[in-house]
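Results of the structural survey
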Amino acid sequence: MSIYGRSRVKVPASTANLGPGFDTLGMALSLYAWIEMEEATETVFHLYGDEMKGIARDKSNLLYKVAQMVFAEAGVSVPELSISMYSEIPLTRGLGSSASAIVGALAAANAMIGSPLGAAKLFDMATALEKHPDNVGASIFGGIITAVWDGEHADYIRIEPPRELEVLVVIPEFELETVKARGLLPAEVTMSDAVHNISRTSLLTAALSAGRLDMIGRAMQDRLHQPYRAPMVPGMEKLLAEAPGHGALGIALSGAGPTLLCMVDRNGDKKQELENFLKETMQENGIPSCTVWLSPCTSGVTAELIERNGMQNESFLDMIKGELQS
Ligand code: HSE
């Protein structure tokens, strides 16, 4: 009989950069992945949903490897695991699917063994894996985060998203690997571009903290990454330039793309116009896409221990069905 419990985790998707805050700003979004993990006699995976196709089902699986890092850090040995996962977060579209998987696996493994590692330690481990703290920080802590990574430790401050803030994403059907999108960036930037981004990032952080939605559009301007990534996303330049005229408070490439994310006033009267504009622009460029209305997610990853050893409890899939209906 195992000495460890069965853990269940719910982890939000995230958007990174918010325009100027390259590798710095992140926001959790109301799209989720769920993971269940327990000790087993033989390692087995139950991966559900379209987004799980093609994911490794052996010990090279990212969730398995991340869980083993937690056990090593905590000084325990749990070599065989049963891992279940369902995700509604599209893969390699700039909505933090890999960060959610890393954060979910860290939280699930940690909860399984009695949560010996604190959130700050999990944040450092997640950032060491992702190499930048923006997506993982948002998935761990929820809300909006501004974070700094010194190569060993991540510092952050969490900002409560303004209540009126809603998000509209347009998700192109094609995938864009982060490593490829980062490969497009120059090794050096000019002082004026650096100052451009520092000033906008500071203004955006302050605007989000103060609920100054009127400043978001002017602050969500970037010269460090979006201009170099635009050629990979047909229609992106037009969307960045014209979405504010169709009702967006501001618009940015979500993370490394190809998704574009608009910040919107929940009570605005041009929401349908904006959605039509995003869809039509993608269509004009021959890019199949979908639009999704989301909210900033105010809670980060949550983990619980499930009763086991003969006790009745809801199955993983029943739990997912309940969550998706609610
Ligand atoms: N800040 C990262 C980037 C997010 O823009 O490359 C993607 O993981």
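Residues numbered from 1 in each chain as written. Predicted model: local features only at pLDDT ≥ 70, side-chain atom pairs only at ≥ 80, totals over all residues. Heavy atoms only, no water.

Structural notes on the domain arrangement of the chain
Each assigned domain of the chain is listed with its residue range as follows: domain 1 (6–160 + 297–325) and domain 2 (165–294). If you average the C-alpha positions of domain 1 and of domain 2, the two centres end up 25 Å apart. Each partner contributes to the interface: domain 1 provides 25 residues, whereas domain 2 provides 36 residues. Counting the surface lost from both domain 1 and domain 2, the interface buries some 2,200 Å², and carbon and sulfur atoms represent 65% of this. For domain 1, the biggest contributors to the area lost against domain 2 are Pro20, Phe22 and Arg93; these three give 29% of the whole. Scanning the region where domain 1 abuts domain 2 turns up two salt bridges. Arginine 182 serves as the salt-bridge partner of aspartate 23, at 2.7 Å between the closest nitrogen and oxygen. For the pair domain 1 and domain 2, the interface holds 16 residue pairs in polar contact (both at pLDDT 80 or more). It is strand 2 (residues 25–39) that contributes the most residues to the side of domain 1 that touches domain 2, five residues altogether. Per-class residue counts for the side of domain 1 that touches domain 2 are 13 nonpolar, nine polar and three charged. (Domains from an automatic or database assignment. Contact = heavy atoms within 4.5 Å. Buried area = accessible area lost by both parts, 1.4 Å probe. Salt bridge = Lys/Arg side-chain N within 4 Å of Asp/Glu carboxyl O. Polar contact = N/O pair within 3.5 Å; in protein donor to acceptor, adjacent residues only side chain to side chain. Helix = DSSP H or I, 4+ residues; strand = E, 2+ residues; numbered from the N terminus. Nonpolar A, V, L, I, M, F, W, Y, C, P; charged D, E, K, R; others polar.)

Some thoughts on the site of the ligand
Taken together, Ala16, Asn17, Phe22, Asp23, His132, Asp134, Asn135, Thr178, Arg182, Arg229, Gly255 and Ala256 make up all the residues around the ligand. Taking asparagine 135, its side chain carries an N or O atom lying 3.4 Å from an oxygen atom of the ligand. Here an oxygen atom of the ligand sits 2.6 Å away from a polar atom, N or O, in the side chain of arginine 182. Protein coverage of the free-state accessible area of the ligand, which is 260 Å², stands at 97%. Elements with a minimum of two residues in the shell around the ligand: helix 4 (134–141) and helix 5 (178–183). Its residues assigned to classes, the shell around the ligand comprises three nonpolar, five polar and four charged. Of the residues that make up the shell around the ligand, three or more belong to each of domain 1 (6–160 + 297–325) and domain 2 (165–294). (Near = heavy atom within 4 Å. Areas by Shrake-Rupley, 256 points an atom, 1.4 Å probe, with all protein chains shown as cover.)

Observations concerning the sheet that holds strand 9 (residues 260–265)
Pairing between the strands of a sheet is mediated by backbone hydrogen bonds and can be parallel or antiparallel. What the four strands build is an open sheet, ordered 8-9-7-10; its pairing is antiparallel. Edge positions in the sheet fall to strand 8 (250–253) and strand 10 (289–294), since each has one partner strand and no second. Neighbour to neighbour, the strand axes of the sheet diverge by 20° on average, direction disregarded. In this sheet, strand 10 lies alongside strand 7 (residues 165–172) in antiparallel orientation, the contact comprising six bridges. The residue of strand 10 that forms the bridge with valine 170 is threonine 291. Sheet contacts for helix 10 (residues 271–284): strand 7, strand 9 and strand 10; angle to strand 7, the most-contacted strand, approximately 15°. (Pairing = 2+ DSSP bridges. Axes fitted to C-alpha atoms, helices over the stretch in contact; angles between N-to-C directions.)

What about the UniProt feature "binding site: ATP" (unreviewed entry) in the chain?
Mapped onto this structure's residue numbering, the UniProt feature "binding site: ATP" (unreviewed entry) falls at Pro90, Leu91, Thr92, Arg93, Gly94, Leu95, Gly96, Ser97, Ser98, Ala99 and Ser100. Mapped onto the fold, glycine 94 is located in the loop between strand 4 (81–87) and helix 2 (97–112). The buried category is assigned to glycine 94, whose relative accessible area is 15%. Setting aside its immediate chain neighbours within four residues, glycine 94 contacts Ser14, Thr15, Ser254, Gly255 and Gly257. With respect to the helices and strands, alanine 99 occurs in helix 2. Setting aside its immediate chain neighbours within four residues, alanine 99 contacts Glu130, Asn135 and Val136. (UniProt positions renumbered as here; feature names shortened; annotations may be inferred. Buried < 20%, exposed > 50% of the residue type's maximum accessible area, 1.4 Å probe, protein only.)

Side note on helix 11 (residues 316–325)
Note that an α-helix has 3.6 residues per turn; residues three or four places apart therefore point the same way. The complete set of buried residues in helix 11 reads Phe316, Met319 and Ile320. For helix 11, the arc enclosing every buried residue in end-on projection is 100°, short of the 170-degree limit, so these residues lie on one face. Contacts made by the buried residues of helix 11 are with strand 1 (6–16), strand 2, strand 3 (44–48) and strand 4. (Arc of directions from axis to C-beta.)

Some details on the packing of helix 1 (residues 62–74) against helix 3 (residues 119–130)
Closest axis-to-axis distance for the helix 1/helix 3 pair is 12 Å, and the angle between their directions is 135°. The angle between helix 1 and helix 3 places the two elements in the oblique class. Handedness of the crossing formed by helix 1 with helix 3: right-handed. Contacts between helix 1 and helix 3 involve Val66, Met69, Val70 and Glu73 from the first element and Lys121, Met125 and Leu129 from the second. Classifying every residue of the contact of helix 1 with helix 3 by side-chain character gives five nonpolar, no polar and two charged. (Parallel < 35°, antiparallel > 145°, perpendicular 65-115°, else oblique. Left-handed = near helix turned anticlockwise from the far one by under 90°.)

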